[in-house]
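For reference, the chains in residue letters:
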Amino acid sequence: EAEYRTPAITDFTQQDPDEGKPANQKTEVWVAYDDAALYIGARLHDTHPDSIISRLVRRDLFNDMDWFYVGIDSYNDKRSGFYFGVYPSGSVIDGTLYNDSWDDNSWDGVWDAATATDSAGWNVEMRIPYSQLRFPEHDEYVWGINFARQVERRKEESHWSLVKKGAGIWVSGFGELHGIRNIHPPARLEVLPYVAGSSEALVDKPGNPFRSSVDFFANVGADIKFGLGSNLTVNATINPDFGQVEVDPAVVNLTQFETFFEEKRPFFIEGSDYFNFGQGGANNNWGFNWGGNSFFYSRRLGRAPQGSVNGNFTDVPNNTTILGAAKITGKIADNWSFGSVHALTEREYGRIDNSGARSQRVVEPLSYYGVARSRGEFDGHALGFIGTAAIHDLNQPYLLGSFNKRAFSFGVDGWTHLDSTKEWVVTGWLAGSRVEGDASRMIQAQRSAQRYYQRPDQDYVRVDNNATSLSGYGMRFALNKQKGNFYANAAFGIISPGFDINDLGITFRADVINAHLVLGYKWYESDGFFRKKFLNVATARNFDFGGRRTNEGYFVFTEGQFMNYWGMTFNLFFFPQYVDTRNTRGGPAMLTTNGYGIDLGGYTDQGKDISVDTYISLGRTESGGYRYQISPGVEFRPTSNLFIRFSPDYTRDITIAQWVGNITDPAATHTFGTRHLFGRLDQQEVSAVVRVNWTFTPKLSLQVFIQPLISVGTYDDFKELRQPSTYSFNRYGENGTTIRYGIDTSNNRPTYFVHPNASAPTDSLKFKNPDFNIKDFRANAILRWEYLPGSTLYFAWTHGRSDGRNPGDFSFNRDFGNLFRTEPDNVFLVKIAYWLTPSAIGL
């Protein structure tokens, strides 16, 4: 083409390994455009083309090999954009850029790339339709743009517009693209209808009338994307099906807090950066002992029904049906971004069969969820807002005590740079929440693990049995040094006892006053031994609203990479004694004992066909507890298109005072009429994760996830808290107390029977044996074929097994054998989606 006879962009400068020096290999780049797309052509010269490292990988899998990258800031706002990357094999990566230096690969654009390798190096051509970019209409355009190249055998990364290490920026360091004229943002309309069929063979009670040996299901729906003007995009989904996403890993959670799972569903992860609240403006957002808060936790939409049913046979849906959802993202003015999500989820029923008598019960109400987010970014400053709403239709009396009727939150966030070089920045947010519901539901909310209003040894909150709403506030402010070798971060945050955003967001605990300080130094240049290294020191402290110190920690983090690209990490932790207001699960506070920890890690050159990494964690408490974890991993690339990772893990955790239960007993006057039971827990956990990525072509790949897990907990040394705000206990079986293990004839369950008071031999209590032996196996295989641009065919298989035999007794061979002798659950899915554009549907 004639474009290749024009002068090329050739002045590339190294960022690594020799920052500021010219690139060792010549790179030529050409840019062209027409009415529909932007075109990038690159000639990547290489004096040793036989040494180019090239592998076939699935889309968006970043890998240590040669690559070429272009970043485009089409708004020219110096903060956001898109990136497109290509490997010599033709595999691609793409995503969005935001907050200047952050990226998100959840966005999959529809664009084309082709590559070829010859005796002079390799070549790439990219066609990026304007429909995949966002820009307002002008007569002439100025876009931010940058090009980057990696020569993997030299670990050499070079840029056209050099962004130095330690600069703390990316998009604002782009160069400018001039000369695009007389183009118009296209009418953007994409329709992605799908058809899916699945079969389920699930383990269930024999004779369950709601299940066959194999059940078949069919589903249809569609995703629709269209533009509102040139800046806003609407994504809508009708009856979405996410059967092709990877299963969640198995976990054993013995805490009072819920487990957080990452979002994996494409509709919700695409554009999720628009809804980040309270984290913009700073390139470091540490949260030592903070826990974090997310105002939009999209896993709430389509979650497993929260209600339950009881009967001889029951049938409850695994997920709540999303009837429809719509998302609007983009810019409403030059400096103002906007994002909004609205979703309606189905009323779900659990079916019951009692000796042939059929009934049903609502297990999840019909619900509306809405989020609106906007942020204005100016020269060194920003101001943003967020609002969320969740409204549940509680059409049955029994739902009133289980669900909030309504939940709302509203917040303001922003940042401001303190100097003209934008080296120091202050960020912050302030928000309020309100939930409304029946008095019985509000009692649950007040007594929940996030707040424990019922704690008897505090006087600043009390359970209000007549309350029909709960309100609270939260805030956090931070100072961050953005650039240079030396960096610092300090933060102060408050979450009031009544703060609750869990209907649509997630907060792990309220009643927290937290502060931390981090100081660190990064050496970006080699010293002949280390190629790069860093050292961080940090401290953090928490208080509750009663002024008690509820957490404290001191931390040292170090990491270094050697000249051969091997590396190591070394971390130290110290947690002084503090008051734990949560461990009794709503009872009085108790002390902890001093705790210490050390983490060690190492890795070999990740660019090799075989690489190894390992992680070792050791910890102990002065009460006698200890924990160690060993997590080696190996990555193997036997061929250029096959990637295998095997990551076993072994953990041994001895907890001297693991909570077992609370039992009301008026005789327990020393602990406000409740006995708070603890035991010594010896927990052993063996697990492994196997990942296989087999890429046949850049458009066809097989992804496999396998995870076996065995977790066994054995309890002994049962005791009760002796006095509040101490770490002292009355041990059962000592000082005239007795404990006996047997079978409870009322339910035929293994049970401990205790006489806790030597002076009152008739005073007795009982609790079930808390020992456990959890065995879980999860496997997922997904074949993905992009048979046409934007159109995809999926074959997915999900396999699961679980077993709970031999509680408290660990035997790897027996337990592993028992796991694979259990009947499995199998789900097979075929899903085909076809991408339609205006031209394809005659518009």
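In the block above lies the structure referred to throughout.
It should be emphasised that the depicted structure is a prediction, and the values quoted were computed from it without experimental measurement.

A. Inspection of the sheet that holds strand β2 (residues 27–33) at higher detail. Here 4 strands make up an open sheet; going across it, the order is β2-β3-β9-β8 and the pairing antiparallel. Looking at strand neighbours, the two that pair on one side only are β2 and β8 (112–118), the edges of this open sheet. Going from strand to strand, the sheet's axes swing by 10° on average, the running direction of each strand aside. As judged from the 7 bridges shared by β2 and strand β3 (residues 37–45), these two strands associate in the antiparallel manner. Looking at the pairing, E28 lines up with R43 of β3.

B. How the structure looks around helix α2 (residues 439–447). Buried within α2 we find R441, M442, A445 and Q446. One face of α2 carries all of its buried residues, which in axial projection span an arc of 140°. Contact partners of the buried residues in α2: β25 (424–436) and β26 (469–481).

C. How the structure looks around empty space enclosed by the protein. Under the counting rule described, the total for this entry stands at 6 cavities of 30 Å³ or more. Within this model, the second largest cavity holds a volume of roughly 550 Å³. S80, T96, L97, D273 and Y274 are, among the 35 residues lining the second largest cavity, the residues nearest its centre. At the level of elements, β5 (81–86), β6 (92–98), β15 (232–238), β18 (322–333), β19 (336–345) and β22 (366–378) are the ones that each hand at least two residues to the lining of the second largest cavity. Broken down by element, the residue count for the lining of the second largest cavity peaks at 4 residues, all from β18. By residue class, the composition of the lining of the second largest cavity is 9 nonpolar, 16 polar and 10 charged.

D. Structural context of the pattern of salt bridges. Tallying each qualifying case throughout the model produces 60 salt bridges. One salt bridge connects D815 with R814, and the closest N-O pair in it is separated by 2.9 Å. Since its relative accessible area comes to 0%, D815 is described here as buried. It is possible to trace a salt-bridge network through shared partners that takes in R59, D94, D108, K699 and E786.

E. Just the pairing of strand β43 (residues 749–755), in detail. For strand β42 (residues 738–744) and β43, the ladder comprises 7 bridges, and the chain directions are antiparallel. The residue bridging R740 from the neighbouring strand is F753, located in β43. Taken together, β42 and the strand that follows it, β43, pair antiparallel across an intervening segment of 4 residues, in which N748 is found at a positive phi of about 60°. Strand direction decides the pairing type here: β43 and strand β44 (residues 765–768), joined by 4 bridges, are antiparallel. Across the sheet, the residue bridging to V754 is L765, located in β44.

F. Layout of the sheet that holds strand β17 (residues 313–315). Here we have 3 strands laid out as an open sheet, ordered β17-β20-β21, and antiparallel in their pairing. With partners counted over all chains shown, the strands left at the sheet margins are β17 and β21 (357–364), one partner each. Sheet twist, expressed as the mean angle between neighbouring strand axes with direction ignored, is 20°.

G. Summary view of the packing of aromatic side chains. Under the counting rule described, the total for this entry stands at 54 aromatic pairs. Consider the rings of F84 and W107, whose centres lie 5.9 Å apart with planes at 80°: the pair is edge-to-face. Of the two residues, F84 is situated in strand β5 and W107 in the loop between β7 (102–104) and β8; the sequence distance between them amounts to 23 residues. When its relative accessible area of 0% is taken as the criterion, F84 is described as buried. Of the residues examined, W107 reaches a relative accessible area of 5% and is grouped as buried. Arranged with centres 5.9 Å apart and planes meeting at 35°, the rings of F288 and F557 form a pair that is tilted. One end of the pair, F288, is in the loop between α1 (266–269) and β16 (293–294); the other, F557, is in strand β31 (residues 549–562), with 269 residues separating them in the sequence. Take F288 and F557: they sit in the same class, and that class is buried. In textbook terms, an aromatic cluster arises when at least three aromatic residues are bridged by ring pairs, as seen for F62, W67, Y69, Y83, W170 and F174.

H. Spatial organisation of the nonpolar core. Core analysis: the biggest nonpolar cluster contains 33 residues, and F295, F296, L301 and W429 have the highest contact counts within it. Contributions of two or more residues to this core are made by α1, β18, β19, β22, β23 (381–393), β25 and α2. Per element, the largest residue contribution to this core is 3 residues, and it comes from β25. Aside from chain neighbours lying at most four places away, what touches F295 is F277, I386, T388, S409, W429, A431, F499, I501, L504 and G505. The next biggest cluster of nonpolar side chains, apart from the first, holds 30 residues, and it includes V29, V92, F135 and L177.

I. A look at unusual backbone geometry. P17 follows D16 through a cis peptide bond whose omega is -5°. By the secondary structure assignment, P17 is in the loop between β1 (13–16) and β2. For N735, which is not a glycine, the phi torsion comes out positive at approximately 55°. Along the chain, the position of N735 falls in the loop between β41 (729–731) and β42. The exposure class of N735 is exposed, given its relative accessible area of 73%.

J. Spatial organisation of the layout of surface pockets. Here the second largest pocket is characterised by a volume of approximately 510 Å³. D77, K78, R79, E377 and F378 are the residues nearest the centre of the second largest pocket, which is lined by 30 residues in total. Residue assignment for the lining of the second largest pocket shows that the elements contributing at least two residues are β18, β22 and β24 (406–417). Its residues assigned to classes, the lining of the second largest pocket shows 7 nonpolar, 13 polar and 10 charged.

K. Structural view of the environment of F499. Positionally, F499 belongs in the loop between β27 (486–495) and β28 (506–507). F499 sits 460 residues away from Y39 along the chain, and the two C-alpha atoms are 51 Å apart. F499 has contacts with N293, F295, A431, G432, S433, R451, S471, G472, Y473, G474, T507 and A510, leaving out every residue within four places of it along the chain.

Calculation rules
Residues numbered from 1 in each chain as written. Predicted model: local features only at pLDDT ≥ 70, side-chain atom pairs only at ≥ 80, totals over all residues. Heavy atoms only, no water. Pairing = 2+ DSSP bridges. Helix = DSSP H or I, 4+ residues; strand = E, 2+ residues; numbered from the N terminus. Axes fitted to C-alpha atoms, helices over the stretch in contact; angles between N-to-C directions. Buried < 20%, exposed > 50% of the residue type's maximum accessible area, 1.4 Å probe, protein only. Arc of directions from axis to C-beta. Contact = heavy atoms within 4.5 Å. 1 Å grid on protein atoms, 1.4 Å probe; cavity = no way out; pocket = protein on both sides within 12 Å on 5 of 7 lines; lining within 4 Å. Points joined across faces, edges and corners; volume = space filled by probe spheres on them. Nonpolar A, V, L, I, M, F, W, Y, C, P; charged D, E, K, R; others polar. Salt bridge = Lys/Arg side-chain N within 4 Å of Asp/Glu carboxyl O. Phe/Tyr/Trp six-rings, centres within 6.5 Å; stacked < 30°, edge-to-face > 60°. Core = buried A, V, L, I, M, F, W, Y, C linked by side-chain atoms within 4.5 Å.

Geometric values such as these leave the question of function open.
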